[in-house]
Amino acid sequence: MDKEKLFKDAQDIIMKSDNNGVEEVTRRALSEGIDPLEMINEGFRVGITMVGELFERGEVFLPELIQSAEVMKKASGILMAALPKGREAKRGAVVIGTVRGDIHDIGKILVVTMLQANGFEVLDLGHDVETAKFIEKAQEINADVIGTSSLLTTTMKYQKELEDELKKSGMKEKIKTIVGGAPVTRRWADRIGADAYAENASEAVRKVESLLGIKE
Ligand code: B12
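This write-up is about the structure you can find in this document. These figures come from a predicted structure and were not determined experimentally.

Observations concerning helix 9 (residues 201–211)
An α-helix turns once every 3.6 residues. As a result, residues three or four positions apart point the same way.
Thought 1: Three or more residues of helix 9 are buried, namely A201, E203, A204, V205, V208, E209 and L211.
Thought 2: As for helix 9, its buried residues are in contact with strand 1 (93–98), helix 5 (106–117), strand 3 (145–149), strand 4 (176–180) and strand 5 (196–197).
Thought 3: Near the N-terminus of helix 9, the side chain that reaches the backbone nitrogen of S202, with its oxygen 3.3 Å away, is that of N200.
Thought 4: Remark: G213 follows helix 9 within two positions and exhibits a positive phi of approximately 70°.

Here you go:
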C-alpha cells in the first residue's frame, strides 16, 4: 500500500475539484485500511489548504474555491461515515456551531463527527449562528460545553462576545467553552477567557474530555 500516493491523489482531487475521482480515492483508502481521519488530514485537508493559498494570491477565484470545498465536503462525508460507531455511554453534551457571519463548516463538521464517535451528545447548530442562540440551546439541553468555530479574522470577535454574554448571565461557571478554527490560537482563547482551544478534531475530543474531568 502506498499511503503517500493516496494522500497525493486526494490533494490533486481537491485541487482539480474532481467530483468523480473523490469516490474512487476515498473507497481505495478505506479498502486499504487507512485511518479515515489520517486520510482527511494528510490528503484532503492539505489540498483545500493549497487551494486556499492560491485563492489568497488571486490565482484561483471564488467559484473554484466553492467547487473544491464541495468535493472536500463529499470526501469527509464518506470518510467520517466509515468511523466506528460511537460509544453507548453518554459522556457529556456539547452545543457547537460556526459563529455569526461565518459560513465555513467543513472543519466544524469533522469536530462534531469525532465528538459523536467518542460518545458525546452533540447539538450542531450549523453555521452563521447568533451568540444568543448558542446560549439558549445550551440551556435547553443542559449542555456541559459550548464549542465555537471561526474561520474569518472578522468573525473571531463573536467567540469573545459569547464569553462576555456567558459572564453577564452568570452562566460562565456552569458551562465550559472551547474555541477553534484556522485563525484561532491558544493565545486568543486565553485572551478572551475561553476554557479550551483545539487545533484539530482529535485534539478537540481530548480537550473536551479534560474539561469534563474524564479520564480513560
Ligand atoms: C473551503 C473554504 C471556503 C468555502 C467554505 C465551504 C464550507 N462549507 O465550509 C467557501 C468557498 C464557501 C468559502 C467562502 C469564503 N471564504 Co473561505 N476558505 C476556505 C478554505 C480554503 C478552507 C477552510 C477549510 O475547510 N479547511 C479544512 C478544515 C478541515 O480545516 P479547518 O476549518 O481549519 O478546521 C479544523 C480546525 O481549525 C479545527 N476546528 C475548526 N472548527 C473548530 C471548532 C472547535 C470548537 C474546535 C475545538 C476546533 C475546530 O478542527 C478542524 C478539523 O481539523 C480557507 C483557507 C484555510 N486555510 O483555512 C479559506 C478562508 C478561511 N476563506 C477566506 C475568505 C476570505 C472567504 C470569503 C470571505 C471569500 C469571499 N470573498 O466571499 C468567504 C466567506 C463567507 C462567509 N461569510 O463565511 C479566508 C479568510 C481570511 C481571513 N483573514 O479571515 C481564507 C483563510 C482563505 C484565504 N487565505 O484568503 N471559503
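Back to the write-up after that little detour.
What to know about the site of the ligand
Thought 1: Every one of the 36 residues lining the ligand counts as a neighbour, but I103, H104, D105, S149 and T153 are closest to it.
Thought 2: Note that an oxygen atom of the ligand is positioned 3.4 Å from one of the backbone N or O atoms of I106.
Thought 3: Here an oxygen atom of the ligand sits 2.9 Å away from a polar atom, N or O, in the main chain of T153.
Thought 4: Only helix 3 (36–56), helix 4 (62–81), helix 5, strand 3, strand 4 and helix 9 provide two or more residues apiece to the shell around the ligand.
Thought 5: Considering only residue class, the shell around the ligand consists of 18 nonpolar, eleven polar and seven charged.
Thought 6: For the shell around the ligand, the two domains that each supply at least three residues are domain 1 (3–81) and domain 2 (93–211).

What counts and what doesn't
- Residues numbered from 1 in each chain as written.
- Predicted model: local features only at pLDDT ≥ 70, side-chain atom pairs only at ≥ 80, totals over all residues.
- Heavy atoms only, no water.
- Buried < 20%, exposed > 50% of the residue type's maximum accessible area, 1.4 Å probe, protein only.
- Helix = DSSP H or I, 4+ residues; strand = E, 2+ residues; numbered from the N terminus.
- Contact = heavy atoms within 4.5 Å.
- Polar contact = N/O pair within 3.5 Å; in protein donor to acceptor, adjacent residues only side chain to side chain.
- Near = heavy atom within 4 Å.
- Nonpolar A, V, L, I, M, F, W, Y, C, P; charged D, E, K, R; others polar.
- Domains from an automatic or database assignment.

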